[in-house]
Protein chains: 2
Amino acid sequence: MSNSGKHHQSGCPVAFGIDTFGDRWTLLVIRDMLLHGKTTYGDFLGSDEQIATNILADRLKHLEAEGIVEKDRDSDNRRSYIYTLTDKGFALAPVIFEIIRWSGNYIPFNKARKELLRKIEIDPEGFMKELKTAGKT
Amino acid sequence: MSNSGKHHQSGCPVAFGIDTFGDRWTLLVIRDMLLHGKTTYGDFLGSDEQIATNILADRLKHLEAEGIVEKDRDSDNRRSYIYTLTDKGFALAPVIFEIIRWSGNYIPFNKARKELLRKIEIDPEGFMKELKTAGKT
DNA sequence: CTGGATCCCAATAGATACTG
DNA sequence: CAGTATCTATTGGGATCCAG
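Read on for an overview of the structure.

Quick notes on the rules
- Residues numbered from 1 in each chain as written.
- Chains lettered and ligands numbered in written order.
- Predicted model: local features only at pLDDT ≥ 70, side-chain atom pairs only at ≥ 80, totals over all residues.
- Heavy atoms only, no water.
- Helix = DSSP H or I, 4+ residues; strand = E, 2+ residues; numbered from the N terminus.
- Polar contact = N/O pair within 3.5 Å; in protein donor to acceptor, adjacent residues only side chain to side chain.
- Axes fitted to C-alpha atoms, helices over the stretch in contact; angles between N-to-C directions.
- Parallel < 35°, antiparallel > 145°, perpendicular 65-115°, else oblique.
- Contact = heavy atoms within 4.5 Å.
- Nonpolar A, V, L, I, M, F, W, Y, C, P; charged D, E, K, R; others polar.
- Buried < 20%, exposed > 50% of the residue type's maximum accessible area, 1.4 Å probe, protein only.
- Core = buried A, V, L, I, M, F, W, Y, C linked by side-chain atoms within 4.5 Å.
- Phe/Tyr/Trp six-rings, centres within 6.5 Å; stacked < 30°, edge-to-face > 60°.
- Lys NZ or Arg CZ within 6 Å of the ring centre and 35° of its normal.

Focus: the side chain of Asp23 of chain B
Residue and element names in this part refer to chain B. With respect to the helices, strands and loops of the structure, Asp23 is situated in the loop between helix 1 (13-21) and helix 2 (26-36). Engagement of the side chain of Asp23 in a polar contact is seen with the backbone nitrogen of Trp25, the distance being 2.8 Å. In this structure the side chain of Asp23 is engaged in a polar contact, spanning 2.8 Å, whose partner is the side chain of Arg59.

So, the packing of helix 2 of chain B against helix 4 (residues 53-65) of chain B
In a packed pair of helices, the relevant descriptors are the angle between the two axes and the axis-to-axis distance. Residues and elements named next belong to chain B. At a closest axis distance of 10 Å, the pairing of helix 2 and helix 4 adopts a crossing angle of 75 degrees. Overall, the two elements helix 2 and helix 4 adopt an arrangement that is roughly perpendicular. The residues of helix 4 that touch helix 2, namely those facing Thr26, Val29 and Ile30, are Leu56, Arg59, Leu60 and Leu63. A class-by-class count of the residues in the contact of helix 2 with helix 4 yields 5 nonpolar, 1 polar and 1 charged.

Quick look at unusual backbone geometry
Residue and element names in this part refer to chain A. Unusually for a residue other than glycine, Gln50 sits at a positive phi of about 60 degrees. Mapped onto the secondary structure, Gln50 falls in the loop between helix 3 (41-45) and helix 4 (53-65). Of the residues examined, Gln50 reaches a relative accessible area of 59% and is grouped as exposed.

Comments concerning the nonpolar core
Residues Val29 of chain A together with Val29 of chain B are the most contacted members of the largest nonpolar core, which totals 54 residues. Put simply, the parts of the chain that give this core at least two residues each are helix 1 (13-21), helix 2 (26-36), helix 4 and helix 6 (93-106) of chain A together with helix 1, helix 2, helix 4 and helix 6 (93-106) of chain B. When residues no more than four places from it in sequence are discounted, the contact partners of Val29 of chain A are Phe44, Ile51, Leu56, Leu60 and Leu63 of chain A.

Some words on the packing of aromatic side chains
Per the counting criterion, the structure on display carries 8 aromatic pairs over all chains. Between Phe44 of chain B and Tyr83 of chain B, the aromatic rings sit 6.2 Å apart at their centres with planes inclined by 55 degrees, giving tilted as the arrangement. Of this pair, Phe44 of chain B sits in helix 3 (residues 41-45) while Tyr83 of chain B sits in strand 2 (residues 81-85), and the two are 39 residues apart along the sequence. We classify Tyr83 of chain B as buried; its relative accessible area is 7%. Among the aromatic residues, those joined into a cluster by ring pairs are Phe16 and Phe21 of chain A together with Trp102 and Tyr106 of chain B. The ring of Tyr81 of chain A carries the charged tip of Lys71 of chain A above its face, separated from the ring centre by 4.4 Å.

Any functional reading would require information beyond the geometric quantities listed.
Spelled out as structure tokens, the structure:
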């Protein structure tokens, strides 16, 4: 299931990489582990991008099958699982970092600000309230 | 058409990168320009991975819209187009290189050999014939 | 409760045939 | 040569169900 039939099998290392982690979700999960210290199914579900449960389960399964992620029982929680990156998974850090570097140069610089302005327009009072309570967390 | 509805809009640079070039074909086209000096629609179609014509057209259009690729008329050929990377496109080279580096460490080293062995098993005579005529191109 | 599996169906990607 | 049209396959969202 899932991503069979998508493999290029051309022998090209770029194609191999894409076949392994080149879908729209996999790298985000890896990012969560690498950059945000997320380790559980619930953690991943909580990310901003709102991955669906079936997609997440599928991707985790594949990452495990590929040896990029390891799944163990939480020794404390006993009914929870902990996902961690293997060396092979951790070795993707430079790829992620180069993507971040590239985006840093080319992401629309005012996207966040635009969001903010939209918020202000729609609900100025709510925004002001948010502003006042910000930084107290 | 194409990749609308897939954008994460989370503000995360990784998600931004994925939204821009994170599908299964875009990076391969960029690889062709970057590493193999390909410049025309026909060039891209000829790659090992066999991209479909509509996909290629779509991806080129998007790459152009994103300012990653530039499309100009071939000054010689006049009814042919030349696609070249912009600076923004060229700036993806480190991403590609890190993917190659990662794959270099983790790609199944014997994939090509396995293919070969399979061929030999299925059609030994055909294989021998291929072997004899190889290197004459 | 956490970590999934499953089903439905909408939307997207992709292969193939054909066209300006 | 450089695409478009059409039709099929796959992915993905969301709800719900299920097991430990």
